[in-house]
Amino acid sequence: MPIDAVLFDFSGTLMRVEPAVSWVRAALRMTGRSLDDADVARYAAELESAGALPGGQSPRSIPPGLQGLWDERDRDITHHRDLYVALSHQVPLPYPELYDALYERHWDPAAWHPYPDAEPVLRELARRNVGVAVVSNIGWDVRPVFRAHGLDDLIATYALSFEHGIQKPDARLFAVACDALGVAPEHALMVGDDAVADAGAAAIGCAVHLVRHRPVDQRPDGLLPVLRLVG
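What counts, and at which threshold
Residues numbered from 1 in each chain as written. Predicted model: local features only at pLDDT ≥ 70, side-chain atom pairs only at ≥ 80, totals over all residues. Heavy atoms only, no water. Helix = DSSP H or I, 4+ residues; strand = E, 2+ residues; numbered from the N terminus. Rg over C-alpha atoms; globule rule 2.2 N^0.38 Å. Contact = heavy atoms within 4.5 Å. Areas by Shrake-Rupley, 256 points an atom, 1.4 Å probe, with all protein chains shown as cover. Lys, Arg positive; Asp, Glu negative; His and termini not counted. Charge placed at Lys NZ, Arg CZ, Asp CG, Glu CD. Core = buried A, V, L, I, M, F, W, Y, C linked by side-chain atoms within 4.5 Å. Buried < 20%, exposed > 50% of the residue type's maximum accessible area, 1.4 Å probe, protein only. Salt bridge = Lys/Arg side-chain N within 4 Å of Asp/Glu carboxyl O. Phe/Tyr/Trp six-rings, centres within 6.5 Å; stacked < 30°, edge-to-face > 60°. Arc of directions from axis to C-beta. Axes fitted to C-alpha atoms, helices over the stretch in contact; angles between N-to-C directions. Parallel < 35°, antiparallel > 145°, perpendicular 65-115°, else oblique. Left-handed = near helix turned anticlockwise from the far one by under 90°. Nonpolar A, V, L, I, M, F, W, Y, C, P; charged D, E, K, R; others polar. Pairing = 2+ DSSP bridges.

Caption draft 1: Molecular detail of the overall build of the protein chain. Counting its secondary structure elements, the protein chain contains 10 helices and 7 strands. The C-alpha radius of gyration computed for the protein chain amounts to 18 Å, which stays within 12% of the reference 17 Å derived for 231 residues, consistent with globular compactness. Expressed as lengths along the three principal axes of its C-alpha atoms, the size of the protein chain is roughly 55 × 35 × 25 Å. Excluding contacts between residues fewer than 6 apart, the proportion of contacts in the protein chain whose partners are at least 24 apart in sequence is 67%. As displayed, the protein chain has an accessible area near 10,000 Å², and 50% of this comes from carbon and sulfur atoms. Averaging the coordinates of the 21 positive side-chain charges in the protein chain and doing the same for the 32 negative ones gives two points 4 Å apart.

Caption draft 2: A look at the nonpolar core. Grouped together as the largest cluster of nonpolar side chains are 60 residues, with contacts concentrated most on Val6, Phe8, Phe10, Leu14, Leu125 and Phe146. Grouped together as the second largest cluster of nonpolar side chains are 16 residues, Phe174, Ala177, Val183 and Met190 included.

Caption draft 3: Broad picture of the pattern of salt bridges. Counted according to the given criterion, the structure contains 18 salt bridges. Taking the shortest distance from any N to any O, the salt bridge between arginine 81 and aspartate 100 comes out at 3.7 Å. Placement of arginine 81 in helix α4 (residues 77–88) and of aspartate 100 in helix α5 (residues 98–105) is noted, with a sequence separation of 19 residues between them. Measuring nitrogen to oxygen at the nearest pair gives 3.5 Å for the salt bridge that ties arginine 105 to aspartate 108.

Caption draft 4: A look at the packing of aromatic side chains. Inspection of every chain in the model, using the stated rule, returns 6 aromatic pairs. When the ring of tyrosine 103 is compared with that of tryptophan 107, the centres are 5.2 Å apart and the planes differ by 75°; the resulting orientation is edge-to-face. Between phenylalanine 146 and tyrosine 158 the ring centres are 5.6 Å apart and the planes differ by 70°, which places this aromatic pair in the edge-to-face class. Pair noted here: phenylalanine 146 is in helix α7 (residues 143–148) and tyrosine 158 is in strand β5 (residues 157–160), with a separation of 12 residues, a long-range link.

Caption draft 5: How the structure looks around helix α6 (residues 118–127). Along α6, the positions that sit buried rather than exposed are Ala118, Val121, Leu122, Glu124 and Leu125. Down the axis of α6, the smallest arc covering the buried residues is 160°, so these residues share one side. If you follow the buried residues of α6, they end up packed against β1 (5–8), β3 (112–114), β4 (131–136) and α10 (224–230).

Caption draft 6: Seen up close, the packing of α4 against α5. In the contact formed by α4 and α5, the axes pass within 9 Å of each other and the chain directions differ by 130°. Relative to α5, the element α4 lies oblique. Considering only the axes of α4 and α5, their crossing is right-handed. Judged by residue contacts, Ile77, His80, Arg81, Tyr84, Val85 and Ser88 of α4 engage Tyr99, Asp100, Tyr103 and Glu104 from α5. Residue classes in the contact of α4 with α5 are distributed as 5 nonpolar, 2 polar and 3 charged.

Caption draft 7: Summary view of unusual backbone geometry. In the segment running from lysine 168 into proline 169, the intervening peptide bond is cis, with an omega of 15°. Secondary-structure assignment places proline 169 in the loop between α8 (161–164) and α9 (171–181).

Caption draft 8: Structural view of α9. Where α9 is concerned, the buried positions are Ala171, Leu173, Phe174, Ala177, Cys178 and Leu181. Down the axis of α9, the buried set is contained in an arc of 165°. They therefore lie on one face. Turned more than 90 degrees away from the buried face of α9, the exposed residues are Arg172, Asp179 and Ala180. Among the structural elements, β1, β4, β5, α8 and β6 (188–192) are those in contact with the buried residues of α9. Positive backbone phi, at 75°, marks glycine 182, one or two positions downstream of α9.

Caption draft 9: How the structure looks around the sheet that holds β4. Strand order across the open sheet formed by 5 strands is β5-β4-β1-β6-β7, with parallel pairing between neighbours. Each edge of the open sheet is held by one strand with a lone partner, namely β5 and β7 (207–210). Across the sheet, the axes of successive neighbouring strands diverge by a mean angle of 20°, strand direction being ignored. Pairing of β6 with β7 involves 4 bridges; the strand directions are parallel. Counted as the bridge partner of methionine 190 is valine 208 from β7. On the sheet, α9 packs against β1, β4, β5 and β6 and is oriented at approximately 155° with respect to β4.

Structure below.
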């Protein structure tokens with residue numbers, strides 16, 4: 001089937017959240033606090049291990065009482081905040097105001113960085129008149145991030161889980177994007193980094209291309225093959 005539209009995941013596919021050390025330093029600036037470099041690195045490593053950085057690594061284990069919030073984190077903006085603030089509280093920080101600041105920092109467009117091949121691929125798809133959607137399990141609005149990086153004009157529509165109360169791999173979220181683009185699922189390609197969540201698009205007939213979730217200075221196995229798949 002010819003591909004007339006491409007659905008992209010957000011985190012780990014088009015963009016990557018900043019490293020945990022930068023995240024902690026930004027929260028310190030927001031609160032007017034400071035720590036020496038060794039403490040910043042230590043707290044960043046502990047917070048990262050706790051899974052407290054949205055878009056970062058998952059927790060090594062879900063703390064007692066948080067499994068329900070973890071399972072529902074991307075369906076509701078309040079659940080998302082409650083979960084990640086609770087995860088950050090697993091790490092004793094020297095300044096209480098840091099917990100809220102850490103969560104609020106990850107909303108900042110400056111906390112997110114497009115992968116190097118994201119913009120060229122999006123621009124080439126636009127040149128070919130291929131419709132593009134962002135389909136993401138996310139607990140907050142990513143549109144300002146795309147605007148800040150000059151990419152919003154390349155995205156035709158967004159299907160964000162918290163706005164629909166549906167999380168991938170539920171096929172209904174992919175159907176929302178296809179309907180908004182006006183394409184049949186069998187003419188759409190889903191591109192993401194999660195073999196379970198993003199591959200859920202296959203349930204409604206979408207083709208699927210998976211990339212590897214890697215730091216921002218490395219390319220996940222590539223968006224450039226998307227252009228070959230689209231033709």
